[in-house]
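Fold and contact review
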Amino acid sequence: MDRLKLRAVLGSHPHVQAVKSGELRSDRFDLDFIEYTPTNTAFKPMVREQAFDICEMAIVTYLMAKAHGKPLVLLPATMLARFQHSYALYNPERGTLGPSDLEGKRVGIRSFTTTTGAWIRGILANDYGVNLDNIRWVTFEDPHVAEYVDTTERAPKDKKIQQMLLDGELDAVLGETSNDPRLKPLFRDPAAEAAKWYARRGAVPVNHLVVVTERLAKSHADVVAGVYDLLKQNKTQMGAATTPDLLPFGVEANRKPLELIIDYAFQQALIPRRFSVNELFDDTTRRLN
């Protein structure tokens, strides 16, 4: 029997290198990896055309894709998770600014629908009482999901987000880090803020998981489970787990962060209703742990 060949896109994460190199492989299928740099440039063709069989994907992109009926299925395999408090900057030359000071300000973000942006806006709204509707959002890219109507202000095409911050054209930016000494984190002590947030919420914010096409999920459910098993095996090979686990695998391990990001995405009108966590998976992937 011919081995199934699957087109796949995963980022260059240490915990997937054995799978990407072929050191870890299945006896039922082969993975043909296509490189996208940065990885998020693969999300749009996956959402709009199902261009690959398997693809890393930002969780908010997936939630929006599901809301618009895109034929994709989620695997509970985290590729990227991180605390978000260090991904917000301001320019202190223009005056001191903190998270509670953003109402009435111009805030830049690559796209309004980025997952990091959704996490930080959720933190601002739910932990700092910020009314997100009173912020003037300036964006630089279209959403991955074409059906979403973006009502934000679009930056001029020749402008760069951090340069606009330095030039005083933006008051703050989300989803960015910088070594430029002229810029400071919006959250005064991001590590301390993240620790307090984790103590309160009990979750690590997940950014990227993995999706497969519905076509593959329906025709080869065993292969989808096999892909998950390979990825989990590679993670296990990496050695001792961290506490908290920054690469949660399995539906239950991801339940809390998924519940939170669903809430935040709904609050921000990125999705029309709150999904249950179980709705994000199919009969095969819902059993993966």
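So, a few notes on the structure that sits alongside this text.

Definitions and cut-offs
Throughout this document, residue positions are counted from 1 along each chain, in the order its sequence is written. The predicted nature of this model means local features are confined to residues of pLDDT at least 70 and side-chain atom pairs, given and counted, to a pLDDT of 80 or more, with totals for whole chains, interfaces and linings taken over all residues. Side-chain descriptors were evaluated using all non-hydrogen atoms of the structure, hydrogens and water having been removed beforehand. By the convention used here, strands pair only if DSSP detects at least 2 bridges between them. For helices the rule is a DSSP run of H or I covering at least 4 residues; for strands it is a run of E covering at least 2, with both sets numbered from the N terminus onward. Note on contacts: a residue pair qualifies if any of its non-hydrogen atoms lie within 4.5 Å across the two residues. Method remark: on a 1 Å grid restricted to protein atoms, a set of points is classed as a cavity if a 1.4 Å probe fits but cannot get out and as a pocket if it is open with protein on both sides within 12 Å along at least five of seven lines; lining residues have an atom within 4 Å of a point. Grid points are joined across faces, edges and corners, and a volume is the space filled by probe spheres set on the points. Think of it as three bins: nonpolar holds Ala, Val, Leu, Ile, Met, Phe, Trp, Tyr, Cys and Pro, charged holds Asp, Glu, Lys and Arg, and polar takes everything else, Gly as well. Think of it this way: a Phe, Tyr or Trp ring, Trp meaning its six-membered ring, pairs with another when their centres are within 6.5 Å, and the plane angle makes it stacked under 30 degrees, edge-to-face over 60, tilted otherwise. To sort residues, take the accessible area from a 1.4 Å probe on protein chains only and compare it with the maximum for the residue type: under 20% means buried, over 50% means exposed, and anything in between is partly exposed.

Both strand S1 (residues 4-9) and strand S2 (residues 29-33) contribute to a ladder of 5 bridges, which runs parallel. Paired with Lys-5 across the bridge in S2 is Asp-30. Of the pairings in the sheet, the one linking S1 to strand S3 (residues 54-58) comprises 2 bridges and is parallel in character. Within S3, the position partnered with Val-9 by the bridge is Cys-55.

With respect to the element layout, Gly-202 can be found in the loop between helix H6 (190-201) and strand S11 (206-213). Along the chain, Gly-202 and Lys-256 lie 54 residues apart, while their C-alpha atoms are 7.5 Å from each other. Once residues lying within four places of it in the same chain are set aside, the contact partners of Gly-202 are Trp-197 and Lys-256.

For the rest of this paragraph, the subject is the layout of surface pockets. Of the voids in this model, the largest pocket is the one considered here, and its volume is about 380 Å³. Asn-40, Arg-82, Arg-110, Thr-116 and His-208 are, among the 23 residues lining the largest pocket, the residues nearest its centre. Residues that form the lining of the largest pocket fall into these classes: 6 nonpolar, 13 polar and 4 charged.

With that settled, the discussion passes to the packing of aromatic side chains. Under the defined criterion, the tally for this structure stands at 7 aromatic pairs. Ring geometry for Phe-83 versus Tyr-198: centroids 5.9 Å apart, planes at 85°, classification edge-to-face. Within this pair, whereas Phe-83 is found in the loop between strand S4 (72-81) and strand S5 (88-90), its partner Tyr-198 is found in helix H6, the two being separated by 115 residues in sequence. Judged by relative accessible area, which is 22%, Phe-83 ranks as partly exposed. Looking at Tyr-198, the relative accessible area reads 31%, which means it is partly exposed. Judged by centre distance (6.1 Å) and plane angle (90°), the rings of Trp-119 and Trp-197 are edge-to-face. Here the residue Trp-119 occupies a position in helix H4 (residues 115-128), and Trp-197 occupies one in helix H6, the gap between them amounting to 78 residues. Using a relative accessible area of 0% as the deciding quantity, one classes Trp-119 as buried.

Paired through their backbone hydrogen bonds, the strands of a sheet run either parallel or antiparallel. Strand order in the open sheet made by the 6 strands is S8-S7-S6-S9-S5-S10, with mixed pairing throughout. Two strands in the sheet have a free side with no partner beyond their single neighbour: strand S8 (153-154) and strand S10 (184-185). Bridging between strand S7 (residues 136-139) and S8 involves 2 bridges; their strand directions are parallel. Within the sheet, the bridge partner assigned to Val-138 lies in S8 and is Glu-153.

With that settled, consider unusual backbone geometry. Of note, the bond from Thr-37 into Pro-38 is cis; its omega dihedral lies within 30 degrees of zero at -10°. Phi is positive for Gln-50, which is not a glycine, with a value near 50°. If you trace the backbone, Gln-50 turns up in the loop between helix H2 (43-49) and S3. Despite not being glycine, Ala-269 shows a phi value in the positive range, around 60°. Checked against the element boundaries, Ala-269 lands in the segment after helix H9 (251-267). Residue classification places Ala-269 among the exposed positions, given a relative accessible area of 55%.

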